[in-house]
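Each chain, letter by letter, is given below.
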Amino acid sequence: MQMQVFSQSVTHTLEDGKHKKSIRSLDGVRAIACLGVVSFHLNLWSLIGHVWSPALDDTGAIFSSLALMGESGVLLFFVLSGFLLFLPYAKAMLFDSEWPSLRRFYIRRVFRILPAYYVTLFLMLLYLSPDYLLPQYRDKLWLFLTFRMDLPATYQQLNAPFWTLAIEFQFYLLLPLIAWLMGRLVRWGSLNMRLFKLTICLLVMFTWGMATRYWGFKLADTNQLDYLIPHSLADTLRPFIFGTVSKFFESFAIGMFVCMIYIYSQHASPIAKTRRSLRLLAPFSFLFGITLLCVVNLWHYYVIYMIGRSLHFLDPYHEFLEGYRDIFMQVGFSLSYGFALFAILFGPRWLQRPFEWSPLRWLGFISFSLYMWHDPLILYFLGSLLPHFQAMEWSGPAKYAAYVLWVIVTAIPLSFIFYRRIELPGMRLGEKLCQLSAARKPAIAATPVTVPDSRTLRTPKPSSSSS
């Protein structure tokens, strides 16, 4: 009983004293994504620091590959962002609900991300990399301040995970425009027609992501497309279209597609029959997603770490696996997470319950700060503390245990403090600004949500995007 009271108290604190209208299991999914990235950096740096060594026989290498699987957690974040941020837009397109306020969207995003990011950036510049404050580094510093640290000049510098925040923030900036363009096409016709048109739009977005990925990795440094676009112009556009490792529109599109199915299942008629059908599919979707994740992870482990050393059953496919890893590997991870996300959303309770476990949700709440701070703390241990353990001739497992314990007792409390003292106040301020903005607007009678009949066509409804 006391444990239950404690759990409810912690959850209440992290939810800022009010029940959030959220999908509880997705807090756990967010935690899994963050823990994956933490475990990847923990194991990668400990591999480089010779805290552990991977098994080189094929069977052992398969298990060793799991230690580095967490790198793909970044893609789970992208898929999850595509799902969550597209929810109000998908509802407006399919069921004529009120179009989301542009001002409210940007205020929420800015005050959710910028306070914690800028405080973290300032502290890291001050204590970890003061060189960036010198005049000769002014251009690089400007990239960090304007969320363009995914460019080659700053890619994985200062703090390795920062480049992914640039990808996320740029998606935030573009999503309202992308959704508005989709809405111009989708928001008329029967429900089935709307579903079809929105699916086409998302396929176009997915194709754009794959095409720009192929262009950036295979064609941008060649003259093969000079007959279509001058090479100098292509080089100018490359930072905006591709960056360093692409903009991952295909990953966001997968999350948005799952979002479309979810919104349809919540509001379409008959709801019960639709949900029952999706629930039957969910376990198979989860199994397929996990299987695909393991297969793509073996591919990743083979070409990044083990070529010529292990997993020799993949040697006959070496040319393809190596040549197209940058094109298809990331989308393979994203698809596997898309299938798993679908299963968690629509699956039976036994599938959802593990992701609703309270301690996992707590980590999901503090995941943003944990994501930003874990890597510097890992590197501090390896640079400053590990030599002492090595001097005492600790065994490999003992050093690894101390290493993991260090991350737990430093990164998690620090992230909790950042969440309570910086992230939550920022979100509260954002909500107050949204309320003030809404209070200035004249009251408008609420428009009921109508479900388009799948057998009839309707005249186009004008978009009502708020500025």
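Our structure's up above, just so we're on the same page.
Below is a summary of the structure that appears in this document.

So, on to the overall build of the chain. Broken down by element type, the chain carries 17 helices and 0 strands. Since a compact globule built from 467 residues should have a radius of gyration of about 23 Å, the 24 Å found for the chain is in line with a globular shape. Its C-alpha atoms put the chain at 75 × 65 × 55 Å along the principal axes. Across the 467 residues that make up the chain, the buried fraction comes to 50%. Considering only intrachain contacts with a sequence separation of at least 6, the fraction spanning at least 24 residues in the chain is 79%. As displayed, the chain has an accessible area near 23300 Å², and 67% of this comes from carbon and sulfur atoms. When the 41 positive and 26 negative side-chain charges of the chain are each reduced to one mean point, those points stand 15 Å apart.

Of note in the backbone geometry, Phe147 takes a positive phi value of approximately 55° without being a glycine. By the element assignment, Phe147 lies in the loop between α6 (138-145) and α7 (162-186). With relative accessibility at 3%, the residue Phe147 sits in the buried group. Unusually for a residue other than glycine, Leu311 sits at a positive phi of about 50°. Following the sequence through the fold, Leu311 ends up in the loop between α11 (271-306) and α12 (318-323).

This part takes up the nonpolar core. Phe86, Tyr117, Phe162 and Met182 are the most contacted members of the largest nonpolar core, which totals 123 residues. Apart from residues lying up to four places away in sequence, Tyr117 is in contact with Phe144, Phe147, Met149, Phe162, Leu165, Phe368 and Met372. Val10, Leu14, Phe365 and Tyr419 belong to the second largest nonpolar core, which has 10 residues in total.

Scanning the entire structure with this criterion turns up 36 aromatic pairs. Ring centres 6.4 Å apart and planes at 65° place the aromatic pair Phe169 and Tyr172 in the edge-to-face group. Here Phe169 and its partner Tyr172 are both found in helix α7, 3 residues apart, which amounts to about one turn of the helix. In this structure, Phe169 and Tyr172 share a single accessibility class: buried.

The next subject is the side chain of Asp375. Its place among the elements puts Asp375 in helix α16 (residues 367-391). The buried charged residue Asp375 lacks any salt bridge, with Lys140 as its nearest oppositely charged partner at 16 Å. Polar side-chain contacts of Asp375 include one of 3.0 Å to the side chain of Trp45. If we skip the residues at most four places from it in the chain, Asp375 touches His41, Trp45, Asn159, Ala160 and Pro161.

So, on to the state of the cysteines. Disulfide: a covalent bond formed between the sulfur atoms of two cysteine residues. Following the criterion strictly, the structure yields 0 disulfides and no others. With no disulfide partner, Cys201 has as its closest neighbouring cysteine sulfur the one in Cys259, 14 Å distant. Judged by its relative accessible area of 13%, Cys201 falls in the buried class.

For α11, which comprises 36 residues, the first-to-last C-alpha distance of 49 Å matches the rise-based estimate of 52 Å (1.5 Å per residue) to within 8%. A bend of about 35° at Ala282 is the largest found in α11, and the proline Pro283 appears one to four places after it.

Between its first and last C-alpha, α7 extends 35 Å over 25 residues, near the 36 Å set by a 1.5 Å rise per residue. The axis of α7 is deflected most strongly, by about 40°, at Leu174, and proline Pro176 appears within four residues downstream.

A grouping of Phe122, Leu126, Tyr127, Leu128 and Leu133 is seen on the molecular surface, where their side chains present a nonpolar patch of about 560 Å² in accessible area. Here Leu133 falls in the partly exposed class, since its relative accessible area comes to 48%.

On to the environment of Ala61. By the element assignment, Ala61 lies in helix α3 (residues 58-67). Residues Ala61 and Tyr301, spaced 240 residues apart in sequence, show a C-alpha to C-alpha distance of 8.6 Å.

Turning our attention to the pattern of salt bridges. One pass over the structure, following the stated rule, counts 12 salt bridges. We note a salt bridge from Asp221 to Arg238, for which the minimum N-O separation is 2.7 Å. Within this pair, whereas Asp221 is found in the loop between α8 (191-219) and α9 (231-241), its partner Arg238 is found in helix α9, the two being separated by 17 residues in sequence. Of the residues examined, Asp221 reaches a relative accessible area of 62% and is grouped as exposed. Linking Arg325 and Asp326 is a salt bridge whose minimum nitrogen-to-oxygen distance equals 3.9 Å. The network of salt bridges with shared partners includes Asp27, Arg30 and Arg361.

A few words now on the side chain of Arg109. Tracing the sequence through the fold places Arg109 in helix α5 (residues 102-127). Here Arg109 occupies a buried position and makes no salt bridge, while the nearest side chain of opposite charge, Glu168, is found at 6.7 Å. Residues within four places of Arg109 in sequence aside, it is in contact with Leu85 and Tyr172.

Here we take up the packing of α11 against helix α13 (residues 325-346). At a minimum axis separation of 7 Å, α11 and α13 run at an interaxial angle of 155°. Taken together, the axes of α11 and α13 are roughly antiparallel relative to one another. Considering the relative orientation of α11 and α13, their crossing is left-handed. Grouping the constituent residues of the contact of α11 with α13 by class yields 22 nonpolar, 6 polar and 2 charged.

Parameters and conventions
- Residues numbered from 1 in each chain as written.
- Predicted model: local features only at pLDDT ≥ 70, side-chain atom pairs only at ≥ 80, totals over all residues.
- Heavy atoms only, no water.
- Helix = DSSP H or I, 4+ residues; strand = E, 2+ residues; numbered from the N terminus.
- Rg over C-alpha atoms; globule rule 2.2 N^0.38 Å.
- Buried < 20%, exposed > 50% of the residue type's maximum accessible area, 1.4 Å probe, protein only.
- Contact = heavy atoms within 4.5 Å.
- Areas by Shrake-Rupley, 256 points an atom, 1.4 Å probe, with all protein chains shown as cover.
- Lys, Arg positive; Asp, Glu negative; His and termini not counted.
- Charge placed at Lys NZ, Arg CZ, Asp CG, Glu CD.
- Core = buried A, V, L, I, M, F, W, Y, C linked by side-chain atoms within 4.5 Å.
- Phe/Tyr/Trp six-rings, centres within 6.5 Å; stacked < 30°, edge-to-face > 60°.
- Salt bridge = Lys/Arg side-chain N within 4 Å of Asp/Glu carboxyl O.
- Polar contact = N/O pair within 3.5 Å; in protein donor to acceptor, adjacent residues only side chain to side chain.
- Disulfide = S-S within 2.5 Å.
- Expected span 1.5 Å × (residues − 1).
- Bend = angle between axes of the 7 residues up to and from the residue.
- Patch = residues over 30% accessible without salt bridge, like charges linked within 9 Å, V, L, I, M, F, W, Y side chains within 5 Å.
- Axes fitted to C-alpha atoms, helices over the stretch in contact; angles between N-to-C directions.
- Parallel < 35°, antiparallel > 145°, perpendicular 65-115°, else oblique.
- Left-handed = near helix turned anticlockwise from the far one by under 90°.
- Nonpolar A, V, L, I, M, F, W, Y, C, P; charged D, E, K, R; others polar.

Purely spatial values, then, with no claim about function.
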